Amino acid sequence: MKYISSKDINLGTYLIVLHGISIVCGFIKWPLFIFAGIFMFSYIILDRHRLRCPNCGGFENLDRLNYAKKHVFHCRHCGERINIL
């Protein structure tokens, strides 16, 4: 796999948003903290397997990957172009 899927970037964004909403609502109803943990754990797994640089395996944050969907973007670690499909 020599690219990062746009669907994976969108899924990561949704998981982070759901995590934030669950944290805020967790102060009202404490069982929602469990969902916040599930969303964060799911994002960590997605990040480790799908949201890394396909050339060197380096970490790129979600904000940079969202920018890369519409612009030419290069990895901070290896300098290679990251293809977003």
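The structure under discussion appears in the preceding block.
Residues numbered from 1 in each chain as written. Predicted model: local features only at pLDDT ≥ 70, side-chain atom pairs only at ≥ 80, totals over all residues. Heavy atoms only, no water.

(A) View of the overall build of the protein. A count of helices and strands for the protein gives three helices and zero strands. From first element to last, N terminus to C terminus, the protein shows the α and β order α-α-α. Dimensions of the protein, computed from C-alpha atoms along their principal axes, come out at roughly 45 × 20 × 20 Å. Each of the 85 residues in the protein was classed as buried or not, and the buried ones make up 31%. Sequence-distant contacts in the protein: of pairs separated by 6 or more residues, those separated by 24 or more amount to 50%. As displayed, the protein has an accessible area near 5800 Å², and 63% of this comes from carbon and sulfur atoms. Charge centroids of the protein, computed over 11 positive and 5 negative side chains, lie 5 Å from each other. (Helix = DSSP H or I, 4+ residues; strand = E, 2+ residues; numbered from the N terminus. Buried < 20%, exposed > 50% of the residue type's maximum accessible area, 1.4 Å probe, protein only. Contact = heavy atoms within 4.5 Å. Areas by Shrake-Rupley, 256 points an atom, 1.4 Å probe, with all protein chains shown as cover. Lys, Arg positive; Asp, Glu negative; His and termini not counted. Charge placed at Lys NZ, Arg CZ, Asp CG, Glu CD.)

(B) Up close: the environment of Asp47. Looking at where Asp47 falls in the secondary structure, it is placed in helix H2 (residues 32-50). Between the alpha carbons of Asp47 and Ile9 there is a distance of 9.2 Å; along the sequence they are 38 residues apart.

(C) Quick look at the pattern of salt bridges. What the rule picks out here adds up to three salt bridges. With a shortest N-O distance of 3.7 Å, Arg52 and Asp47 are connected by a salt bridge. Accessibility expressed as a relative area gives 27% for Arg52, which makes it partly exposed. By relative accessible area, Asp47 is classed as buried at 9%. Between Glu60 and Arg76 there is a salt bridge whose closest N-O contact spans 3.5 Å. Pair noted here: Glu60 is in the loop between H2 and helix H3 (62-68) and Arg76 is in the segment after H3, with a separation of 16 residues, a long-range link. Residue Glu60 is classed as buried on the basis of its relative accessible area of 1%. A relative accessible area of 45% places Arg76 in the partly exposed class. (Salt bridge = Lys/Arg side-chain N within 4 Å of Asp/Glu carboxyl O.)

(D) Main features of the nonpolar core. Residues Ile4, Ile9, Leu51, Ile82 and Ile84 are the most contacted members of the largest nonpolar core, which totals 15 residues. Elements with a minimum of two residues in this core: helix H1 (6-26), H2 and H3. Beyond its immediate chain neighbours, meaning those up to four positions away, Leu51 contacts Ile4, Asp8, Ile9, Tyr43, Leu46, Glu60, Leu62 and Leu65. (Core = buried A, V, L, I, M, F, W, Y, C linked by side-chain atoms within 4.5 Å.)

(E) Geometry of the packing of aromatic side chains. If you walk through the whole model with that rule in mind, you get one aromatic pair. Measuring from ring centre to ring centre gives 5.4 Å for Phe27 and Phe33, while their planes differ by 90°; the resulting arrangement is edge-to-face. Since its relative accessible area comes to 33%, Phe33 is described here as partly exposed. (Phe/Tyr/Trp six-rings, centres within 6.5 Å; stacked < 30°, edge-to-face > 60°.)

Function cannot be inferred from these measures alone, as they are strictly geometric.
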